[in-house]
Amino acid sequence: MATATNLLQTLGNLEKDSFISLLSNLISESRYVQNNPPELIPEEDRVVKHVLNSLSPLSTTTGGGPLIINHVTYFPGRGNLIVEYPGTVPGKILSFVGCHMDVVTANPNDWDFDPFTLSIDGDKLRGRGTTDCLGHVALVTELMKKLAQTKPNLKSTVVAVFIANEENSAITGVGVDALVQDGLLNKLKDGPLFWIDTADKQPCVGTGGMIPWKLHVTGKLFHSGLAHKAINPLELAMDAVKEIQLKFYKDFPPHPQEQVYGFATPSTMKPTQWSYPGGGINQIPGECTISGDVRLTPFYNVKDVIKKLQEYVDDINENVQKLETRGPVSKYVLSDENLRGSLTLTFDEAMSGIACDLNSRGFKVLCKATEEIVGSLKPFSITGSLPLIRELKDEGFDVQSVGYGLMATYHAQNEYCLFTDMAQGYRVFASIIAQLED
């Protein structure tokens with residue numbers, strides 16, 4: 001079997017020309033893999049094509065190498081790719097999962113360079129998807145290519161899973177959710193699963209859940225000069241949201257585990273959007289809608305929060321006359337007309353956060369590799385949300401998360417990554433494989 005030192009020498013460093021050539025091809029497809037249905041439905045097989053061009057010559061399909069490749073498609077043109085480098089010990093396995101082949105949208109008019117063409121500025125590799133997540137697709141492809149070319153004799157099977165449909169959950173049954181449901185990833189439970197879709201080269205050990213909510217507020221439309229005859233839904237919305245927030249922060253305060261995991265913020269509940277039907281400046285509207293989200297650290301349960309939020313709203317509706325108002329004629333009940341202001345709370349699809357297992361073998365080898373190669377170890381947690389990985393953990397996978405793009409350019413205009421960061425990522429992956437041989 002390959003010793004750790006020999007294996008690291010065999011895998012060497014990320015080959016820059018090969019990586020950039022592949023990444024250039026992938027970024028050229030980014031226009032066609034933007035994910036914002038119904039207007040933009042990605043065609044991930046455009047990316048699959050380039051990955052297969054790199055790996056198929058080294059696969060059992062062509063007889064040219066050891067890689068076992070499975071192209072799994074649930075919707076036409078929207079494939080996933082499972083690539084396996086076989087080891088010699090049954091059940092000994094590790095996997096790199098989460099490299100997704102769709103991207104968020106980009107408006108070229110808002111960028112300083114063409115988002116859909118790879119451009120290079122010194123160490124910067126610029127274009128939509130360089131950080132999230134086509135850069136990682138290229139990186140893991142290069143890793144699997146080097147394994148297949150050099151054929152080290154490994155105990156562990158190494159699996160890469162390139163997935164469709166990560167950036168939007170409006171359409172389901174396309175990507176990793178379907179792969180898990182069909183049992184195609186079951187054997188990955190036997191070893192650590194590294195989700196490669198974060199940033200800044202450090203282990204991401206915790207993420208937040210997200211509960212999108214809408215609060216529709218009904219009042220009574222009237223002339224603003226006769227405010228005593230109106231129920232102002234804008235004021236009701238503001239006072240109701242304040243009351244809901246006060247109760248939320250009492251029931252879901254900062255959790256002690258948040259400090260252990262290094263969360264930058266505790267759970268939050270706040271408005272982010274406001275809409276109303278329109279009208280004149282001298283008209284108090286009859287209704288409005290406030291939308292927002294809850295970002296929930298993984299130490300609280302999403303279902304518990306949804307239940308509590310509904311209870312808060314029900315209580316306000318039953319006691320709206322007791323709600324704090326604004327000024328001498330601001331009121332939420334017109335007794336002589338038998339009218340009451342009211343709230344209706346609805347939710348869009350929620351997701352749960354994850355707290356990675358800090359005692360698992362996967363976490364320990366990731367930490368050691370990071371400290372040795374990046375030069376520092378600073379695991380972090382965010383209440384941003386990563387879809388899918390909590391479900392994987394709940395299914396029994398040892399999920400760890402890391403990435404080598406830049407958080408500062410994640411989903412941003414003028415997105416870029418650094419080649420030197422990706423090169424360090426390659427060496428971290430090689431170190432993980434080597435450590436897990438012991």
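Enquirer: Talk me through the overall build of the chain; I want residue IDs and the actual numbers.
Expert: The helix and strand inventory of the chain stands at eleven helices and 20 strands. Looking at the chain as a whole, 53% of its 438 residues qualify as buried. For the chain, the computed accessible surface area is about 18500 Å², with 50% contributed by carbon and sulfur atoms. Positive and negative side-chain charges of the chain, numbering 38 and 51 respectively, have mean locations separated by a distance of 3 Å.

Enquirer: Kindly report on the sheet that holds strand β4 (residues 119-121), identifying the contributing residues and their values.
Expert: The strand order across the open sheet built from three strands is β4-β5-β20, with neighbouring strands paired in antiparallel fashion. Of all the strands in the sheet, just β4 and β20 (416-418) have a single pairing partner and so form its edges. Taking the axes of each pair of neighbouring strands and ignoring which way they run, one obtains an average angle of 25 degrees across the sheet. Sheet topology note: the strand β5 (residues 124-126)/β20 ladder contains three bridges and is antiparallel.

Enquirer: Outline the sheet that holds strand β3 (residues 93-100), supporting the account with residue identities and numerical values.
Expert: Spatially, six strands are ordered β1-β2-β6-β3-β7-β19 in an open sheet, and the strand pairing comes out mixed. Because the sheet does not close on itself, it has two edges, and the strands there are β1 (68-75) and β19 (398-402). The mean inter-strand angle of the sheet, taken between neighbouring strand axes irrespective of direction, is 20 degrees. Sheet analysis places β1 next to strand β2 (residues 78-85), joined by seven bridges and oriented antiparallel.

Enquirer: I'd love a proper account of the state of the cysteines, names of residues and values included.
Expert: Scanning all chains against the criterion turns up zero disulfides. Just so you know, C356 is unpaired, no disulfide at all, and the nearest cysteine sulfur is the one on C204, 6.8 Å from it. A relative accessible area of 1% places C356 in the buried class.

Enquirer: Go over unusual backbone geometry, please, and point to the residues and values.
Expert: Here P37 and P38 are connected by a cis peptide whose omega angle stands at 5 degrees. Position of P38 among the secondary structure elements: in the loop between α2 (16-27) and α3 (45-55). For N165, which is not glycine, the phi dihedral falls at a positive 60 degrees. Locating N165 in the fold gives a position in the loop between β6 (157-163) and α5 (176-181). With a phi close to 55 degrees, N414 is a non-glycine residue in the positive phi region. Counting through the fold element by element, N414 comes out in the loop between β19 and β20.

Enquirer: So what's going on with the pattern of salt bridges? Which residues, and what values?
Expert: Using the criterion set out here, one finds 18 salt bridges in the structure. Taking the shortest distance from any N to any O, the salt bridge between E29 and R46 comes out at 3.1 Å. Of this pair, E29 sits in the loop between α2 and α3 while R46 sits in helix α3, and the two are 17 residues apart along the sequence. Look at R46 and you get partly exposed, because its relative accessible area is 28%. Salt-bridge contacts for E337 lead to K220; the nearest nitrogen and oxygen are separated by 3.0 Å. Here E337 is found in the loop between β14 (333-334) and β15 (339-340), whereas its partner K220 is found in the loop between β9 (209-218) and β10 (222-223), with 117 residues between them in sequence. Several salt bridges share partner residues, and in doing so they unite E29, E43, R46 and K49 into one network.

Enquirer: Now, about the packing of helix α1 (residues 4-11) against helix α11 (residues 419-435): what can you tell me, with residues and values included?
Expert: At a closest axis distance of 9 Å, the pairing of α1 and α11 adopts a crossing angle of 150 degrees. One way to sum up the angle between α1 and α11 is to call them roughly antiparallel. Crossing of α1 against α11: the hand is right-handed. Residues A4, L7, L8 and L11 of α1 form the contact with α11, whose participating residues are Y426, A430, S431, I433 and A434. Among the residues making up the contact of α1 with α11, the classes are represented as eight nonpolar, one polar and no charged.

Enquirer: Could you give me a rundown of the packing of aromatic side chains, with the residues and numbers involved?
Expert: Applying the stated criterion across every chain yields a total of ten aromatic pairs. Between the aromatic rings of Y261 and F299, the centroid separation amounts to 5.5 Å while the plane-to-plane angle is 55 degrees, which identifies the pairing as tilted. In this pair, Y261 sits in helix α7 (residues 256-261) while F299 sits in the loop between β13 (287-296) and α8 (302-318), placing the two residues 38 residues apart along the sequence. On the numbers, 6.0 Å between centres and 85 degrees between planes, the contact of F263 with F299 is edge-to-face. Pair noted here: F263 is in the loop between α7 and β11 (268-275) and F299 is in the loop between β13 and α8, with a separation of 36 residues, a long-range link. You can call F263 buried: its relative accessible area is 10%. Ring-pair connections join several aromatic residues into one group, and the members of that group are F96, F194, Y404 and F429. The ring of Y32 carries R46 above its face, with NZ or CZ at 3.9 Å from the centroid.

Enquirer: Could you give an account of α2, with specific residues and numbers?
Expert: Across its twelve residues, α2 extends 16 Å between first and last C-alpha, which sits within 8% of the 16 Å expected from 1.5 Å per residue. Restricting attention to buried positions, one finds in α2 the residues S18, F19, I20, L22, L23, L26 and I27. Those residues of α2 that are buried are in contact with α3, β4, β5, α4 (134-150) and α11.

Enquirer: Hey, could you go over the packing of α4 against α11 for me, with residue numbers and the actual values?
Expert: Interhelical geometry of α4 versus α11 gives an angle of 45 degrees and a closest axis separation of 10 Å. By the criterion of interaxial angle, the relationship of α4 to α11 is oblique. In terms of crossing hand, the pair formed by α4 and α11 is right-handed. Every residue of α11 that contacts α4 at G135, H136, L139, V140, E142, L143, K146 and L147 is listed here: M422, G425, Y426, F429 and I433. Tallied by class, the residues present in the contact of α4 with α11 amount to eight nonpolar, three polar and two charged.

Conventions we followed
Residues numbered from 1 in each chain as written. Predicted model: local features only at pLDDT ≥ 70, side-chain atom pairs only at ≥ 80, totals over all residues. Heavy atoms only, no water. Helix = DSSP H or I, 4+ residues; strand = E, 2+ residues; numbered from the N terminus. Buried < 20%, exposed > 50% of the residue type's maximum accessible area, 1.4 Å probe, protein only. Areas by Shrake-Rupley, 256 points an atom, 1.4 Å probe, with all protein chains shown as cover. Lys, Arg positive; Asp, Glu negative; His and termini not counted. Charge placed at Lys NZ, Arg CZ, Asp CG, Glu CD. Pairing = 2+ DSSP bridges. Axes fitted to C-alpha atoms, helices over the stretch in contact; angles between N-to-C directions. Disulfide = S-S within 2.5 Å. Salt bridge = Lys/Arg side-chain N within 4 Å of Asp/Glu carboxyl O. Parallel < 35°, antiparallel > 145°, perpendicular 65-115°, else oblique. Left-handed = near helix turned anticlockwise from the far one by under 90°. Contact = heavy atoms within 4.5 Å. Nonpolar A, V, L, I, M, F, W, Y, C, P; charged D, E, K, R; others polar. Phe/Tyr/Trp six-rings, centres within 6.5 Å; stacked < 30°, edge-to-face > 60°. Lys NZ or Arg CZ within 6 Å of the ring centre and 35° of its normal. Expected span 1.5 Å × (residues − 1).

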